[in-house]
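# Structural features, examined
One letter stands for each residue in the lines below.
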Amino acid sequence: MGFLLLDRPNPNGPHYYPSRRERVLAIVVHVTAGSEDLDTLDDNSAESVAQYAATTDREVSWHTGSDADSWVDLLPSSAVAWHATDYNGCTHGHEISKRTTDWRNMPAKWVDKTLRMAALGPDEKSGLRRKAIELGVPLRWATKAELDHARATGGGPVGFITHAELQWADRRDPGYVTEGGQVIDTFPRQQFMDLLNLQNKLPAKKGKKRMNGFTFEVLDGPSAGLGVLVDMENDRTTGITAVNLADAAAKAGTLHFGVNAAEAEDLLRKYGAGNPQES
Ligand SMILES: [Zn+2]
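These notes cover the structure that comes with them. (Residues numbered from 1 in each chain as written. Predicted model: local features only at pLDDT ≥ 70, side-chain atom pairs only at ≥ 80, totals over all residues.)

Turning our eyes to something else, we now look at the sheet that holds strand E6 (residues 91-96). Either a parallel or an antiparallel arrangement is found when strands of a sheet pair, and the pairing is made through backbone hydrogen bonds. Pairing is mixed in the open sheet, where five strands are placed in the order E4-E3-E6-E2-E7. Pairing within the sheet leaves two strands with one partner each, and these edge strands are strand E4 (71-73) and strand E7 (159-162). Mean inter-strand twist for the sheet, computed between neighbouring axes without regard to direction, equals 25°. Strand direction decides the pairing type here: strand E3 (residues 64-66) and E6, joined by three bridges, are parallel. Bridge pairing in E6 places Gly65 opposite Glu95. (Pairing = 2+ DSSP bridges. Helix = DSSP H or I, 4+ residues; strand = E, 2+ residues; numbered from the N terminus. Axes fitted to C-alpha atoms, helices over the stretch in contact; angles between N-to-C directions.)

This is the structure:
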């Protein structure tokens, strides 16, 4: 898998840290227009805004970006991107290309395509859903208080959160609008979360392995061998494991996305999964 900011280093300096000291506890959702760093751009496509990240002298970066029809990987989740000031160390940052933070009156088809690309990626099985699964981030909206608590107590990942909540002093993305003195959240939160959880509602497909009520899915692509545990009974992702995580990591040239084999095995034990069996 290529990462734009690794493949094409910004001549003005790497505006990120190559490794983490903290684990990823949340995925931060942005829109490009909500960042004052980016609002001089005319073109709001994910590719153009990613090129901006690769050339700007502003100290800004993010991990992944998307628009209505494309997805761009800028940095692996194992790097610390500079997208949310005090929360860079414990988050993955995603930029949705959109010119304003007002999601009202946008064409429904555009909203669906844009949210679908962010949630599921171009192949409907990657995107932020897969990032979250790989990072062990629950497919739910979290609050700043939950994130602060997890960070302070060494707790596990809490979920998805908006940039505005983490940086209310000067950010309103992805969806807050002030109108007549009232602050309204216009981001289609439920629609987005439903897309993230879409595949959990599907029955186990033929060829998948089932382990004590869990479905074991081996993903395609450059990370083939990376597996995902989905708790079918509770309708959500609860763990991560891999048939050959070491192989997958070797293929990717890195220990992938901050997930390590010991953690994966701990999760397997924790959830009491037995040996893989064909469903
Ligand atoms: Zn933002």
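Below, the discussion takes up the environment of Ala46. Its location among the elements puts Ala46 in helix H2 (residues 46-55). The class of Ala46 is buried, set by 24 C-beta atoms lying within 10 Å. In this structure, the C-alpha to C-alpha distance between Ala46 and Gly65, residues 19 residues apart in sequence, is 5.8 Å. The contacts of Ala46, once residues within four sequence positions are left out, are Gly65, Ser66, Asp67, Ser70, Trp71, Val72 and Ser97. (Buried ≥ 20, exposed ≤ 12 C-beta atoms within 10 Å, placed from the backbone. Contact = placed C-beta atoms within 7 Å.)

As a rule of thumb, nonpolar side chains are buried together in soluble globular proteins. In this structure, Ala26, Ile27, Val28, Leu74 and Ala119 are the most contacted members of the largest nonpolar core, which totals 48 residues. Other than its neighbours up to four places away in sequence, Val28 contacts His83, Ala84, Tyr87, Thr91, Gly93, His94, Ile161, His163 and Leu166. (Core = buried A, V, L, I, M, F, W, Y, C linked by C-beta atoms within 7 Å.)

Next up on the list: the packing of helix H3 (residues 108-120) against helix H7 (residues 189-196). Each pair of packed helices can be described by the angle between their axes along with the distance between the axes. At a minimum axis separation of 9 Å, H3 and H7 run at an interaxial angle of 45°. Taken together, the axis directions place H3 and H7 in an arrangement best described as oblique. Handedness of the H3/H7 crossing: right-handed. When H3 is examined against H7, the residues Leu115, Arg116, Ala119 and Leu120 are found in contact with a partner set consisting of Gln191, Phe192, Leu195 and Leu196. Looking at the contact of H3 with H7 residue by residue, the classes come out as six nonpolar, one polar and one charged. (Parallel < 35°, antiparallel > 145°, perpendicular 65-115°, else oblique. Left-handed = near helix turned anticlockwise from the far one by under 90°. Nonpolar A, V, L, I, M, F, W, Y, C, P; charged D, E, K, R; others polar.)

With 13 residues, H3 extends 18 Å from end C-alpha to end C-alpha; this agrees with the ideal 18 Å at 1.5 Å per step. Buried within H3 are the following residues: Thr114, Leu115, Met117, Ala118, Ala119 and Leu120. Packing partners of the buried residues in H3 comprise E3, E4, E6, helix H4 (127-135) and H7. At the exit of H3 stands Gly121, carrying a positive phi of roughly 75°. (Expected span 1.5 Å × (residues − 1).)

Both strand E8 (residues 176-179) and strand E9 (residues 182-185) contribute to a ladder of four bridges, which runs antiparallel. In the strand pairing of E9, Glu179 is matched with Gln182. In this antiparallel pair of consecutive strands, E8 and E9, the connection spans two residues, and Gly180 shows a positive phi of 55°.

Take the packing of H3 against H4 next. For the pair H3 and H4, the least separation of the axes is 2 Å and the interaxial angle reads 25°. Comparing the axis directions of H3 and H4 gives the class roughly parallel. Here Met117, Ala118, Ala119 and Leu120 of H3 lie close against H4, whose contacting residues are Gly127, Leu128 and Arg129. For the contact of H3 with H4, a count of residues per class yields five nonpolar, one polar and one charged.

To continue, consider unusual backbone geometry. A cis amide bond links Asp173 with the next residue in sequence, Pro174, at an omega value of 10°. Within the secondary structure layout, Pro174 lies in the loop between helix H6 (163-166) and E8. Unusually for a residue other than glycine, Thr85 sits at a positive phi of about 40°. As for its position among the elements, Thr85 is in the loop between strand E5 (80-81) and E6. Assessed through the 12 C-beta atoms surrounding it within 10 Å, Thr85 is described here as exposed. One non-glycine residue, Asn105, lies in the positive phi region at around 65°. Along the chain, the position of Asn105 falls in the loop between E6 and H3. According to the C-beta neighbour criterion, Asn105 is exposed, with 6 such atoms within 10 Å.

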